[in-house]
Amino acid sequence: MSVAQIIVSAILALAAVLALVRLARGPSLLDRLLAIDVLLAVVCAGLIVDMAAGGHTNNLTLVVVICLVGFIGSVAVARFVTDGRAREH
């Protein structure tokens, strides 16, 4: 493992811990949604770093699926929150 991989892994681990803190503390649904999006991005970045360091593309399909699930989930929750706020007024 190279020095660059260790540094990137440490930064990604820190980002994951901070996202988990935001996920636990909230306070709103949108804060938690953003924390989940950040966690998915960190997982994708970790897989991409592994692929770049190993010189393979074994996890490429998994990265694409994780990104799509994160995007579709974010859009669905955002539409749900927007629809709920429109009904309140």
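Every value quoted in this text rests on a predicted model; they were computed, and no experiment measured them.

Focus on the overall build of the protein
No. 1: The helix and strand tally for the protein stands at three helices and zero strands.
No. 2: Each helix (α) and strand (β) of the protein, taken in turn from the N terminus, gives the series α-α-α.
No. 3: The C-alpha atoms of the protein give a radius of gyration of 16 Å, which is well past the 12 Å a tight globule of 89 residues would have.
No. 4: The dimensions of the protein, computed from C-alpha atoms along their principal axes, are 55 × 25 × 15 Å.
No. 5: Expressed as a percentage of the 89 residues in the protein, the buried residues total 19%.

Concerning a nonpolar patch on the surface
No. 1: Taken together, the side chains of Leu-60, Val-64, Leu-68, Phe-71, Ile-72 and Val-75 define a hydrophobic patch exposed on the protein surface, amounting to about 560 Å² of accessible area.
No. 2: By the secondary structure assignment, Leu-60 is in helix α3 (residues 60–88).
No. 3: We classify Leu-60 as partly exposed; its relative accessible area is 44%.

Here's the deal with the environment of Val-8
No. 1: With respect to the helices and strands, the residue Val-8 is situated in helix α1 (residues 3–25).
No. 2: Owing to a relative accessible area of 33%, Val-8 belongs among the partly exposed residues under this scheme.
No. 3: Put simply, Val-8 and Val-63 are 55 residues apart on the chain and 18 Å apart in space, counted from C-alpha to C-alpha.

Comments concerning the confidence of the model for the protein
Regions with low pLDDT should not have their predicted coordinates read in detail.
No. 1: Residues of the protein with pLDDT of at least 70 account for 93%, and the chain-wide mean is 90.
No. 2: Within the protein, the lowest mean pLDDT, 86, falls on α3, and the highest, 95, falls on α1.

Considering the packing of α1 against helix α2 (residues 29–54)
No. 1: It is the contact of α1 with α2, at a shortest axis distance of 8 Å, that shows an interaxial angle of 165 degrees. Accordingly, the angle class assigned to the pair α1 and α2 is roughly antiparallel. Like other packed secondary-structure pairs, α1 and α2 cross with a definite hand, here left-handed. Of the residues in α2, those in contact with Gln-5, Val-8, Leu-12, Ala-15, Ala-16, Ala-19, Leu-20, Arg-22, Leu-23, Ala-24 and Arg-25 of α1 are Asp-31, Arg-32, Ala-35, Ile-36, Val-38, Leu-39, Val-42, Ala-45, Gly-46, Val-49 and Ala-53.
No. 2: Of the residues contributing to the contact of α1 with α2, the split by class is 16 nonpolar, two polar and four charged.

Basis of the calculations
- Residues numbered from 1 in each chain as written.
- Predicted model: local features only at pLDDT ≥ 70, side-chain atom pairs only at ≥ 80, totals over all residues.
- Heavy atoms only, no water.
- Helix = DSSP H or I, 4+ residues; strand = E, 2+ residues; numbered from the N terminus.
- Rg over C-alpha atoms; globule rule 2.2 N^0.38 Å.
- Buried < 20%, exposed > 50% of the residue type's maximum accessible area, 1.4 Å probe, protein only.
- Patch = residues over 30% accessible without salt bridge, like charges linked within 9 Å, V, L, I, M, F, W, Y side chains within 5 Å.
- Areas by Shrake-Rupley, 256 points an atom, 1.4 Å probe, with all protein chains shown as cover.
- Salt bridge = Lys/Arg side-chain N within 4 Å of Asp/Glu carboxyl O.
- pLDDT = per-residue confidence, 0-100.
- Axes fitted to C-alpha atoms, helices over the stretch in contact; angles between N-to-C directions.
- Parallel < 35°, antiparallel > 145°, perpendicular 65-115°, else oblique.
- Left-handed = near helix turned anticlockwise from the far one by under 90°.
- Contact = heavy atoms within 4.5 Å.
- Nonpolar A, V, L, I, M, F, W, Y, C, P; charged D, E, K, R; others polar.

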